[in-house]
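Summary of the model geometry
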Amino acid sequence: KAGVTQTPRYLIKTRGQQVTLSCSPISGHRSVSWYQQTPGQGLQFLFEYFSETQRNKGNFPGRFSGRQFSNSRSEMNVSTLELGDSALYLCASSLPLGGTEAFFGQGTRLTVV
Amino acid sequence: AQSVTQLGSHVSVSEGALVLLRCNYSSSVPPYLFWYVQYPNQGLQLLLKYTTGATLVKGINGFEAEFKKSETSFHLTKPSAHMSDAAEYFCAVSETNDYKLSFGAGTTVTVRA
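In what follows, the accompanying structure is described. Numbering of residues begins from 1 in every chain and follows the order in which that chain's sequence is written. The naming scheme follows written order: chains are lettered A onward, ligands numbered 1 onward. In keeping with the predicted nature of the model, local features appear solely for residues at pLDDT of at least 70, side-chain atom pairs appear and are counted solely at 80 or more, and the whole-chain, interface and lining totals rest on all residues. Each side-chain value is worked out from all heavy atoms of the structure, with water and hydrogens disregarded.

1. Notes on the overall build of chain A
- The number of helices and strands found in chain A is zero helices and eleven strands.
- Its helices and strands taken in sequence order, chain A reads β-β-β-β-β-β-β-β-β-β-β from the N to the C terminus.
- Based on C-alpha atoms, the radius of gyration is set beside the globule rule, defined as 2.2 Å times the residue count to the power 0.38. On C-alpha atoms alone, chain A measures out to a radius of gyration of 13 Å, which is about the 13 Å that the 2.2 N^0.38 rule sets for 113 residues.
- Its C-alpha atoms give chain A principal-axis dimensions of about 35 × 25 × 25 Å.
- Counting all 113 residues of chain A, 50% fall into the buried class.
- By definition, residues are in contact when any of their heavy atoms lie within 4.5 Å. In chain A, of all internal contacts separated by at least 6 residues, the share reaching a separation of at least 24 is 53%.
- If you sum the accessible surface of chain A, you get close to 5,300 Å²; carbon and sulfur atoms cover 49% of it. Only DSSP runs of H or I covering at least 4 residues are called helices, and only runs of E covering at least 2 are called strands; the numbering of each starts at the N terminus. Note on classification: 1.4 Å probe, protein chains only; a residue is buried when its accessible area is under 20% of the maximum for its type, exposed when over 50%, partly exposed between these limits. Residue-level accessible areas treat just the shown protein chains as cover; the underlying method is Shrake-Rupley with a 1.4 Å probe.

In structure tokens form, the structure reads like this:
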């Protein structure tokens, strides 16, 4: 069974640009969540999608957005990049039930210069 | 709202010694509790979880954790550390129908030969 796939693995962008990250969940998983990991703030929840609907959103500015497609694949977008957006972005997929295991991808390392 | 506190950002143990990582949580409702491990440049892997039932939970790689409601704790232990246990460990909590994980700051474990 294939795991959660995130593309690309590494990305370098310039301040002010925008970026789109992609996540393909495990087959059959319809819930997809995104997290930002930085040395200073740790792991922070960005948003969660189920059946193309955002069910929960973390405390991030509107520059961070996401969407989910009918095949459960998800993308997140960050517009007007800032240096502080440099982070490891992790995607997780799970069954849409509380308490179930979230399976994480290897992440996309975004560096903003 | 839930929060997680991990005591000690770094733990150093000798190979063969007990590993004890502490986690305390706050939650307004009975929580789901998780321990994840992260190796360098990797995503997170679930070690174990508590949802309901038996309060002593066994996980992968010889790890176990005990849910103590009265102490709001979910400490992780392993009787005998192995070099391969060197990694970062995260305690996380979620609430019913919350669809997100709230993580502690993480504890980095180093294992001395």
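2. Considering the interface of chain B and chain A
- Every contact between the two is made by 17 residues of chain B and, on the other side, 21 residues of chain A.
- Here's the idea: put two parts together, see how much 1.4 Å probe accessible area each one loses, and the total over both is what we call buried area. In this assembly, chain B packs against chain A so that about 1,700 Å² is buried in total across both faces, 54% of it on carbon and sulfur atoms.
- What makes a salt bridge here is a side-chain nitrogen of Lys or Arg within 4 Å of a carboxyl oxygen of Asp or Glu, nothing more. Across the contact surface, chain B and chain A share zero salt bridges.
- Polar contacts, as counted here, are pairs of nitrogen or oxygen atoms within 3.5 Å of one another; within protein the pair requires one atom able to donate a hydrogen and one able to accept it, and residues that are adjacent in sequence qualify only if both atoms are side-chain atoms. At the boundary of chain B and chain A, one finds five residue pairs in polar contact (both at pLDDT 80 or more).
- Of all the secondary structure elements, the ones that give two or more residues to the side of chain B that touches chain A are β4 (32–38) and β5 (44–50) of chain B.

3. Overview of the environment of G107(A)
All names here are of chain A.
- Inspection of the secondary structure puts G107 in the loop between β10 (103–104) and β11 (108–112).
- On the basis of relative accessible area, G107 is assigned to the buried category, the value being 1%.
- With 49 residues separating them along the chain, G107 and G58 place their C-alpha atoms 18 Å apart.

4. Considerations on the sheet that holds strand β3 (residues 19–24) of chain A
All names here are of chain A.
- For two strands to be treated as a pair, DSSP must find at least two bridges joining them. Pairing in this open sheet of four strands is antiparallel, and the strands run β1-β3-β8-β7 from one edge to the other. The strands lining the two open edges of the sheet, one partner per strand, are β1 (5–7) and β7 (64–68). On average, each strand axis in the sheet is inclined to that of its neighbour by 20 degrees, with strand direction left out of account.
- Summarising the sheet, β7 and strand β8 (residues 74–78) pair through five bridges and their orientation is antiparallel. Directly across from R67, in β8, lies its bridge partner E75. To define axes, lines are fitted to C-alpha atoms, for helices over the stretch in contact only, and angles between the resulting N-to-C directions are given on a 0 to 180 degree scale.

5. Side note on the nonpolar core
- Here, nonpolar core means buried Ala, Val, Leu, Ile, Met, Phe, Trp, Tyr and Cys residues that are tied together by side-chain atoms lying within 4.5 Å of each other. Counting residues in hydrophobic clusters, the biggest one holds 26 residues, and the most contacted among them are L21(B), W35(B), L47(B), L48(B), F74(B), L76(B) and Y89(B).
- When contributions to this core are tallied by element, the ones reaching two or more residues are β2 (10–14), β3 (19–26), β4, β5, β7 (64–68), β8 (73–78), β9 (87–94) and β11 (107–112) of chain B.

6. Here's the deal with the state of the cysteines
All names here are of chain B.
- Note on terminology: pairs of cysteine sulfur atoms within 2.5 Å are recorded as disulfides. Summed over the entire model, instances satisfying the criterion amount to two disulfides over all chains.
- Two residues share a disulfide in this structure: C23 and C91, whose sulfurs sit 1.9 Å from each other. Residues C23 and C91 share a disulfide whose torsion about the S-S bond is about -65 degrees; that sign makes it left-handed. Of this pair, C23 sits in strand β3 while C91 sits in strand β9, placing them 68 residues apart in sequence.

7. Re the sheet that holds strand β6 (residues 56–58) of chain B
All names here are of chain B.
- Reading across the sheet, the five strands line up as β1-β3-β8-β7-β6 and stay open at both edges, with antiparallel pairing between neighbours. Each end of this open sheet is capped by a strand with a single partner; those strands are β1 (3–7) and β6. Strand-to-strand twist of the sheet, defined as the mean angle between neighbouring strand axes without regard to direction, takes the value 20 degrees.
- Sheet topology note: the β7/β8 ladder contains five bridges and is antiparallel. Looking at the pairing, E66 lines up with H75 of β8.

8. Let's talk about the packing of aromatic side chains
- We call Phe, Tyr and Trp rings a pair once their centres come within 6.5 Å, taking the six-membered ring for Trp, and we label the pair stacked below 30 degrees between planes, edge-to-face above 60, and tilted otherwise. Across all of its chains, the model carries 13 aromatic pairs over all chains by this definition.
- Centroid distance F90(B) to F103(B): 6.2 Å. Interplanar angle 85 degrees. Geometry classified as edge-to-face. Taken together, the positions of F90(B) in strand β9 and F103(B) in strand β10 (residues 102–103) put the pair 13 residues apart, joining distant regions of the chain.
- Residue class for F90(B) comes out buried when judged on its relative accessible area of 1%.
- The class of F103(B) is buried, set by a relative accessible area of 11%.
- Here the aromatic residues Y35(A), F45(A), F104(A), F34(B), Y36(B), F90(B) and F103(B) are joined through ring pairs into a cluster of three or more.

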